[in-house]
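Reading the structure
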Amino acid sequence: MAKILFGVSGGIAAYKSLEVVSALRKRGEELKIVMTEEATKFVAPLTFSVVGKCPVYVEPFQSIEGSVIHTTISQWAEIMVIAPLTANTAAKMACGIADNLLTMSALAFNGLKIASPSMNVRMYENPITLENIEKLKKNGWHIVEPESGHLADGEYGKGRYPKAELLIFEIDRMLTPHDYEKKKVLITAGPTREAIDPVRYVTNRSSGKMGYELARAAYLRGADVKLISGPVNIDAPYGVEVLNVESAEDMKRAVLKNAKWADIVIMAAAVADYRPAHISTSKIKKTSDELNIKLVKTDDILKELSKIRLSSQFIVGFAAETDDLLRNAQKKLKEKNLDMIIANDVSRKDIGFDSNYNEVKILCKDGEIISLQRNEKRLIAHNILDTIKSQSFKEF
Ligand code: PMT
């Protein structure tokens, strides 16, 4: 639970902060809100107070518990968020002007700082505003860039308040220790599709959730992340470069092309083991009662990878098993020359394929086995990264 000082300055987008405040409150963060006098013309402090279940301060010249308010709340918070950040407030902050409770608190604050400028496109693109924002960056403010699109005043351009989930993700990223800073992590996710003809294919039940959660967690922890994804219905995680592929052959090419870039490779994808020997160029007609499709083995990507791997790299596989979990996983760990394998039971409906949950056993090269109880894939992903960290790099 983080202590968040949430600043709202006076722009039309002030109402969009209600969604962010509401989401932060629902997940249990502790909030205090500071509004400029101008912001209260767009949204009443009462609305923020009810949505955030927290105090809202506007008036600078008051005390709480016998202390001046701006120093008290700026010392209390571990992170300060200003959204929307108007051109006027950005200009004041860039010059060190402290003429209202928000700018006074911002000047007094020395914890984690994040701001989201939102305004008219011409105001945003004015070199003075851009220069002020650059100054704020130099002063330790993490700036979440505004989005481009239709603006409240009917114009089109850069200046829109970002999606609430992006802002929350950036807040999370600031609050998460960056223990994967400077690490390059290559992750695969999802199924592959092996074409039979132009309209049909062979695939499996992987949703991509496990791999996407790993990518998201690694990025939150400061890593550079590339995600090679089979066809899935999940939005790309923020900050992660996603390379979309379809077949096992496409995935192999993408993995081998990017392999040297990575310090850590995690193969969470459910790559097809077999593909149709021939792809019909036209739709196969329903002419006979039976249709036999000859399947041939696909190349094993991990085995190919292990032939070219650098000694400094850490390679992790997954084992999707319906029986003899540990023995089969152990075999794959050896045969594929891996540093670690994550074994999951895919016969269960409450974990594994297409579930938000997983329960895994992590088998390390040195024989250690770590059991992770059933939990959200989001948390399992962090546990897996913790184990990779403890098993791999001395300098972590
Ligand atoms: O995507 P979700 O719905 O979230 O489900 C997650 C998951 C169950 C798919 C995931 O946790 C998982 O187990 N992924 C690996 C699935 C798999 O293909 O397991 P396998 O035991 O068949 O393969 C072992 C390893 O070899 C895997 O790392 C796999 O990526 C790799 N492999 C497999 C075949 C192949 N041709 N080349 C490979 O590199």
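Worth saying up front: this structure is predicted, and the values here are computed from it rather than measured.

Split by domain assignment, the protein resolves into domain 1 (3-175) and domain 2 (184-391). Around 680 Å² of area is buried between domain 1 and domain 2 when both sides are counted, 59% of it from carbon and sulfur atoms. At the junction of domain 1 and domain 2, the tally comes to zero salt bridges. The tally of links from domain 1 across to domain 2 stands at two residue pairs in polar contact (both at pLDDT 80 or more).

With the rule as written, the count across this model stands at 28 salt bridges. One salt bridge in this structure joins Arg309 and Asp339, with 2.7 Å as the shortest N-O distance. In this pair, Arg309 is assigned in the loop between α11 (301-308) and β19 (314-321) and Asp339 in the loop between α12 (325-335) and β20 (340-345), connecting sequence segments 30 residues apart. Between Arg378 and Glu376 there is a salt bridge, with the nearest N and O atoms lying 3.2 Å from each other. One network of salt bridges, in which partners are shared, links Glu249, Asp250, Lys252, Arg253 and Asp299.

Below, the discussion takes up the sheet that holds strand β2 (residues 30-35). The six strands lie next to each other as β3-β2-β1-β6-β7-β8, forming an open sheet whose pairing is parallel. Strand pairing shows two members of the sheet lacking a second neighbour, β3 (56-57) and β8 (141-143), which therefore form its edges. Most of the contacts of helix α2 (residues 45-52) go to β2, to which it runs at about 170°, and overall it touches β1 (3-8), β2 and β3.

On to the pairing of β1, then. The buried fraction of β1 is high, at five of six residues. Note: β1 against β2, six bridges, orientation parallel. Each bridged residue has a counterpart across the sheet, and for Val8 the counterpart in β2 is Met35. Bridge analysis of β1 against strand β6 (residues 79-85) gives four bridges, and the strand direction is parallel. Considered in β6, the bridge of Phe6 is made with Val81.

Let us now look at unusual backbone geometry. Here the amide bond leading from Ala83 into Pro84 is cis, since omega sits at -5°, within 30 degrees of zero. The backbone phi angle of Asp354 is positive, close to 55°, even though this residue is not glycine. A relative accessible area of 46% places Asp354 in the partly exposed class.

What follows concerns the site of the ligand. With respect to spatial proximity, 30 residues lie near the ligand, and among them Ser206, Ser207, Lys332, Asn344 and Asp354 are the closest. Ser207 is positioned such that a nitrogen or oxygen atom in its side chain is 2.6 Å from an oxygen atom of the ligand. Residue Met267 places a main-chain N or O atom 2.8 Å away from an oxygen atom belonging to the ligand. For the ligand, whose free accessible area comes to 770 Å², the fraction covered by protein is 97%. Tallying contributions element by element places β19 first for the shell around the ligand, with four residues. Residue classes in the shell around the ligand are distributed as 14 nonpolar, eight polar and eight charged.

To continue, consider the sheet that holds strand β22 (residues 369-376). Judged by pairing direction, the sheet is mixed, and its eight strands sit side by side in the order β15-β14-β11-β16-β19-β20-β21-β22 without closing on themselves. In this open sheet, the two edge strands, each paired with only one partner strand, are β15 (241-244) and β22. The average undirected angle you get between the axes of adjacent strands in this sheet is 20°. Bridge count between strand β21 (residues 357-364) and β22: six bridges; the pairing is antiparallel. Bridging across to β22, Val360 finds its partner in Leu372. Its contacts with the sheet place α12 against β19, β20, β21 and β22, and it is angled at close to 150° to β20. Most of the contacts of helix α13 (residues 377-391) go to β22, to which it runs at about 160°, and overall it touches β16 (264-267), β19, β20, β21 and β22.

Let us look at the pairing of β16. Neither face of β16 is exposed, since Ile264 and Ile266 on one face and Val265 and Met267 on the opposite face are all buried. As paired strands, strand β11 (residues 184-189) and β16 are joined by four bridges and run parallel to one another. Looking across to β16, one finds that Thr188 is bridged to Met267. Looking at chain direction, β16 and β19 are connected through four bridges and run parallel. Opposite Val265, over in β19, you have Ile315 as the bridge partner.

The next point concerns the packing of aromatic side chains. Evaluation of the coordinates by the stated rule reveals two aromatic pairs. On the numbers, 5.5 Å between centres and 50° between planes, the contact of Phe169 with Tyr238 is tilted. With Phe169 in helix α8 (residues 164-175) and Tyr238 in the loop between β14 (224-229) and β15, this residue pair connects regions lying 69 residues apart in the sequence. Here Tyr238 falls in the partly exposed class, since its relative accessible area comes to 24%.

Here the focus is the side chain of Ser207. You can see Ser207 is positioned in the loop between β13 (200-202) and α9 (209-220). On the basis of relative accessible area, Ser207 is assigned to the buried category, the value being 15%. A polar contact of 3.2 Å, which involves the side chain of Ser207, links it to the backbone nitrogen of Lys209. When residues no more than four places from it in sequence are discounted, the contact partners of Ser207 are Val232, Ile234 and Asp354.

The rules behind each value
Residues numbered from 1 in each chain as written. Predicted model: local features only at pLDDT ≥ 70, side-chain atom pairs only at ≥ 80, totals over all residues. Heavy atoms only, no water. Domains from an automatic or database assignment. Buried area = accessible area lost by both parts, 1.4 Å probe. Salt bridge = Lys/Arg side-chain N within 4 Å of Asp/Glu carboxyl O. Polar contact = N/O pair within 3.5 Å; in protein donor to acceptor, adjacent residues only side chain to side chain. Helix = DSSP H or I, 4+ residues; strand = E, 2+ residues; numbered from the N terminus. Pairing = 2+ DSSP bridges. Contact = heavy atoms within 4.5 Å. Axes fitted to C-alpha atoms, helices over the stretch in contact; angles between N-to-C directions. Buried < 20%, exposed > 50% of the residue type's maximum accessible area, 1.4 Å probe, protein only. Near = heavy atom within 4 Å. Areas by Shrake-Rupley, 256 points an atom, 1.4 Å probe, with all protein chains shown as cover. Nonpolar A, V, L, I, M, F, W, Y, C, P; charged D, E, K, R; others polar. Phe/Tyr/Trp six-rings, centres within 6.5 Å; stacked < 30°, edge-to-face > 60°.

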